[in-house]
Amino acid sequence: MTTTLRPESPQTPTPAGGRTRRWQICVNGRPVGGLRTTAVPRGDQLWGEISELEISNGRGRGRGTIGALAAEEVLRGWGCTRVDADIPETAQVARSLAATLGYRERMRNMAKELAEPPALPPGVTARPIDAREFPAWLAEAKQGYLKDLLASGLGEEQARAKSDADHTHLLPQGADTPGVALRRLYGAGEAAGEGDPLGSLWLALRIRDLPGGAPLAWVMVVEVAEAHRGRGHGRALMRVAEQECRLAGVRDLGLNVFSGNEVAIRLYESLGYRVTNRVYGKPLI
């Protein structure tokens with residue numbers, strides 16, 4: 001039997017300048033499933049994504065494996081230097097397939113439905129990051145993101161390209177970008193900017209809509225200053241995020257956490273966040 005990909009729809013450009021296409025997985029010309037390939041610009045590189053992979057007929061016969069490998073060839077032909085697969089937490093078979101094909105778990109998506117906003121602990125307060133402070137904060141945020149990307153398995157060129165592209169795309173107007181909350185956490189007596197901040201928060205108040213139209217907010221960065229770690233300030237920053245969401249009328253909050261960051265994962269779990277998806281990736285050589 002011969003397993004191939006057949007175009008199911010025309011190739012479509014994406015808003016960011018990439019392209020996407022839906023394919024049928026066929027055995028001897030007969031459709032048995034489908035998948036989607038997408039090329040996403042990251043600086044001067046293209047990253048590939050495989051999504052919507054499903055076998056509807058004849059599961060357990062290696063058809064998903066062949067379909068995924070064929071999708072990788074498509075993405076190589078499009079000039080992609082690596083490939084990611086965003087897999088729901090409940091899709092155990094797909095996660096096992098990714099591991100078999102050499103994909104490495106890079107990060108996890110976690111989410112929580114918010115209740116009443118929790119109060120900040122005594123002795124700390126949060127205030128906005130203004131335009132004057134923004135350049136220094138941005139440089140620190142990009143450096144921290146770069147470090148996490150390198151630890152997740154990306155090469156330095158890929159990591160720098162992704163860090164630059166993501167920050168440019170998500171903060172086009174800097175500290176004045178609509179729908180964004182940038183906050184710094186201070187100890188008692190330091191809210192006016194005196195003394196060093198304890199940490200910082202970047203929150204996107206509507207990263208996308210959930211089924212039914214409700215907004216989903218997203219924690220983009222939560223960072224505690226190195227000298228103040230281990231004192232509960234990460235938990236306080238997450239409380240700030242939840243307060244900002246409720247003030248904006250948002251009841252669902254999600255985040256990414258790199259898989260090697262066990263301290264952060266334990267913190268989010270203790271706050272009631274649960275894994276929804278896992279992102280697996282590998283280079284396309």
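Just so it is clear, the structure is predicted and the values come from calculations on it, not from any experiment.

Asker: Hey, could you run me through the pairing of strand E4 (residues 30-42) in this one?
Answerer: Regular strands place side chains that alternate from one sheet face to the opposite one. By the bridge criterion, 9 bridges tie strand E3 (residues 19-27) to E4 in an arrangement that is antiparallel. Residue arginine 22 lies in a different strand from E4, and its bridge partner there is arginine 36. Counting the residues that bridge the hairpin from E3 to E4 gives 2 residues, and of these asparagine 28 lies at a positive phi of roughly 50°. Between the end of E4 and the start of strand E5 (residues 45-55), which pair antiparallel, lie 2 residues, with glycine 43 showing a positive phi angle near 65°.

Asker: Just checking my understanding: could you explain the packing of helix H3 (residues 134-151) against helix H4 (residues 156-170) for this structure?
Answerer: What describes two packed helices is the angle between their axes and the distance between those same axes. One can describe the packing of H3 onto H4 by two numbers: an axis separation of 9 Å at closest approach and a directional angle of 140°. Between H3 and H4, the crossing angle belongs to the class labelled oblique. Along this stretch, H3 crosses H4, giving a crossing that reads as right-handed. Touching Leu138, Ala141, Lys142, Tyr145, Leu146, Leu149 and Leu150 of H3 are Glu156, Ala159, Arg160, Lys162, Ser163, Asp164, Asp166 and His167, all from H4.

Asker: Teacher, can you tell me more about the environment of arginine 251 here?
Answerer: Summarising the element assignment, arginine 251 is placed in the loop between helix H5 (233-247) and strand E12 (252-258). With a relative accessible area of 47%, arginine 251 lands in the partly exposed category. Each residue touching arginine 251, except ones within four places of it in the same chain, is listed here: Lys112, Glu113, Leu114 and Arg246.

Asker: Please clarify how unusual backbone geometry should be interpreted in this entry.
Answerer: The phi angle of most residues is negative, glycine excepted, and most peptide bonds adopt the trans form. One non-glycine residue, asparagine 28, adopts positive backbone phi at about 50°. Structurally, asparagine 28 can be placed in the loop between E3 and E4. Given a relative accessible area of 53%, asparagine 28 falls into the exposed group. In the Ramachandran plot, glutamate 52 falls in the positive-phi region, its phi being about 60° despite a non-glycine side chain. Positionally, glutamate 52 belongs in strand E5. Look at glutamate 52 and you get partly exposed, because its relative accessible area is 43%.

So, how was this worked out
Residues numbered from 1 in each chain as written. Predicted model: local features only at pLDDT ≥ 70, side-chain atom pairs only at ≥ 80, totals over all residues. Heavy atoms only, no water. Pairing = 2+ DSSP bridges. Helix = DSSP H or I, 4+ residues; strand = E, 2+ residues; numbered from the N terminus. Axes fitted to C-alpha atoms, helices over the stretch in contact; angles between N-to-C directions. Parallel < 35°, antiparallel > 145°, perpendicular 65-115°, else oblique. Left-handed = near helix turned anticlockwise from the far one by under 90°. Contact = heavy atoms within 4.5 Å. Buried < 20%, exposed > 50% of the residue type's maximum accessible area, 1.4 Å probe, protein only.

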